[in-house]
Amino acid sequence: MRPSLVTLASVGLIVVGPIAIGPGVAEPGRPAVEIAQPGSPTLEDVVAGLERTYTRIADLRADFTQNAFNKSLGQTIKAEGTVYLKKGGKMRWEYKSPSPQQIVSDGKSLWIYTPELNQVNVGEAPRALAGPAGSFLAGLGKLREEFSVRFFTPSKDDDGRPVLDLRPKKPTPVLTRLILSVDPQEYLVRKAVLHDQFDNTVTMAFTKVTINSGLGEPLFTFTPPKGAAVVPMELPR
């Protein structure tokens, strides 16, 4: 069981915001480092740090682990892999476990390749990837505009990182609450917990994060392997 595609789109929009050209932009392939305030950062420190960092991100690559909890079934499915994200609703999720799968979008088309089935599902990308349905997430660079913000309780995670409790000002069925653990030096999201209207959660932890490395466009297109069944799919627009 995978999280919904809209949920994956939401994660993508969380960690890739609009680009702002200006001084202090991170060198390609290197983290955007912000100097943390002495002692524990205040809420304003964390919000300002996130906004500065995420207005500068054009693309991102990270390894991830994922726990998808279905409340009605009382079931948690674990997964891991690598994600590539780029401005414009472009994404590539490469799942390694529990079974291989690739979810790829160039912002217009969407491909889901399941090697076990030798099948590729193809359809139009949901608007949540780049359009109005997800636009309120296109912005950790505009955090205060899109969310009501406070510290989570407790305000730090087990690694001592500040934790934000965000409530979308315009919630959707797939996102009613967002909990973020933030690196207080680089001001990058290291963990995200997404809540939907049914109290299901998707918890994603990110490691080996690299930003602005100039990810190429071929990463965000997909050619079905020879012999694979190609099946059209209908997704909510």
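Residues numbered from 1 in each chain as written. Predicted model: local features only at pLDDT ≥ 70, side-chain atom pairs only at ≥ 80, totals over all residues. Heavy atoms only, no water.

## Focus on helix H2 (residues 43–54)
End to end, H2 covers 17 Å across twelve residues, agreeing with the expected 16 Å (1.5 Å per residue, within 8%). Within the sequence span of H2, burial applies to Leu43, Asp45, Val46, Val47, Gly49, Leu50, Thr53 and Tyr54. (Helix = DSSP H or I, 4+ residues; strand = E, 2+ residues; numbered from the N terminus. Expected span 1.5 Å × (residues − 1). Buried < 20%, exposed > 50% of the residue type's maximum accessible area, 1.4 Å probe, protein only.)

## Observations concerning the environment of aspartate 183
When you line up the elements, aspartate 183 lands in the loop between strand S9 (177–182) and strand S10 (189–195). You can call aspartate 183 buried: its relative accessible area is 15%. Excluding residues that lie within four positions of it along the chain, aspartate 183 makes contacts with Arg161, Leu188 and Arg190. Among the polar contacts made by the side chain of aspartate 183, one reaches the main-chain amide nitrogen of glutamine 185 at a distance of 2.8 Å. (Contact = heavy atoms within 4.5 Å. Polar contact = N/O pair within 3.5 Å; in protein donor to acceptor, adjacent residues only side chain to side chain.)

## Quick notes on the sheet that holds strand S3 (residues 90–97)
As summarised here, the arrangement of the twelve strands in space is S7-S8-S9-S10-S11-S1-S2-S3-S4-S5-S6-S12, forming an open sheet in which the pairing is mixed. Lying at the two open borders of the sheet, with one neighbouring strand each, are strand S7 (147–156) and strand S12 (229–232). For this sheet, the mean angle separating the axes of adjacent strands, direction not counted, is 20°. With four bridges connecting them, strand S8 (residues 162–168) and S9 associate as antiparallel partners. Among the inter-strand pairings, aspartate 165 is bridged to a residue of S9, identified as isoleucine 179. Helix-sheet contacts for H2 involve S7, S8, S9 and S10, and the interaxial angle to S7 is about 120°. (Pairing = 2+ DSSP bridges. Axes fitted to C-alpha atoms, helices over the stretch in contact; angles between N-to-C directions.)

## As for the pairing of S10
S10 sits mainly inside the fold: six of its seven residues count as buried. By the bridge criterion, six bridges tie S9 to S10 in an arrangement that is antiparallel. Residue valine 182 lies in a different strand from S10, and its bridge partner there is valine 189. Between S9 and S10, which pair antiparallel one after the other, the connecting turn spans six residues, and tyrosine 187 there sits at a positive phi close to 55°. Two strands pair when backbone bridges link them, and S10 and strand S11 (residues 201–211) are joined in this way by five bridges, in the antiparallel orientation. Residue pairing in the sheet places lysine 191 in a bridge with alanine 205 of S11. The antiparallel pairing of S10 with S11 creates a hairpin that spans five residues between the two strands, and aspartate 199 there sits at a positive phi of about 65°.

## Side note on the pattern of salt bridges
Counting across every chain of the model gives 14 salt bridges. Note that glutamate 217 is salt-bridged to lysine 86, the shortest N-O span being 2.8 Å. Of the two residues, glutamate 217 sits in the loop between S11 and S12 while lysine 86 sits in strand S2 (residues 75–86), which places them 131 residues apart along the sequence. Here glutamate 217 falls in the partly exposed class, since its relative accessible area comes to 38%. Ionic pairing is found between glutamate 94 and arginine 92, a salt bridge with its closest N-O pair at 2.7 Å. A network of salt bridges, in which partner residues are shared, links Arg150, Asp165, Arg167 and Arg177. (Salt bridge = Lys/Arg side-chain N within 4 Å of Asp/Glu carboxyl O.)

## Brief notes about the packing of aromatic side chains
One pass over the structure, following the stated rule, counts three aromatic pairs. Look at phenylalanine 64 and tryptophan 93: their rings are 5.1 Å apart centre to centre, the planes differ by 75°, and that puts the pair in the edge-to-face class. Taken together, the positions of phenylalanine 64 in strand S1 (residues 59–70) and tryptophan 93 in strand S3 put the pair 29 residues apart, joining distant regions of the chain. In this structure, phenylalanine 64 and tryptophan 93 share a single accessibility class: buried. Ring centres 5.4 Å apart and planes at 80° place the aromatic pair phenylalanine 64 and tyrosine 95 in the edge-to-face group. Placement of phenylalanine 64 in strand S1 and of tyrosine 95 in strand S3 is noted, with a sequence separation of 31 residues between them. Note on phenylalanine 64: relative accessible area 2%, which makes it buried. (Phe/Tyr/Trp six-rings, centres within 6.5 Å; stacked < 30°, edge-to-face > 60°.)

## Looking at the confidence of the model for the protein
Here the protein shows a mean pLDDT of 80. Residues at 70 or above account for 76%. Mean pLDDT per element in the protein: helix H1 (residues 5–15) is the minimum at 49, and S12 is the maximum at 95. Below a pLDDT of 50 lies the segment residues 130–138, which in the model reaches 23 contacts outside its immediate sequence neighbourhood of four places, other chains included. (pLDDT = per-residue confidence, 0-100.)

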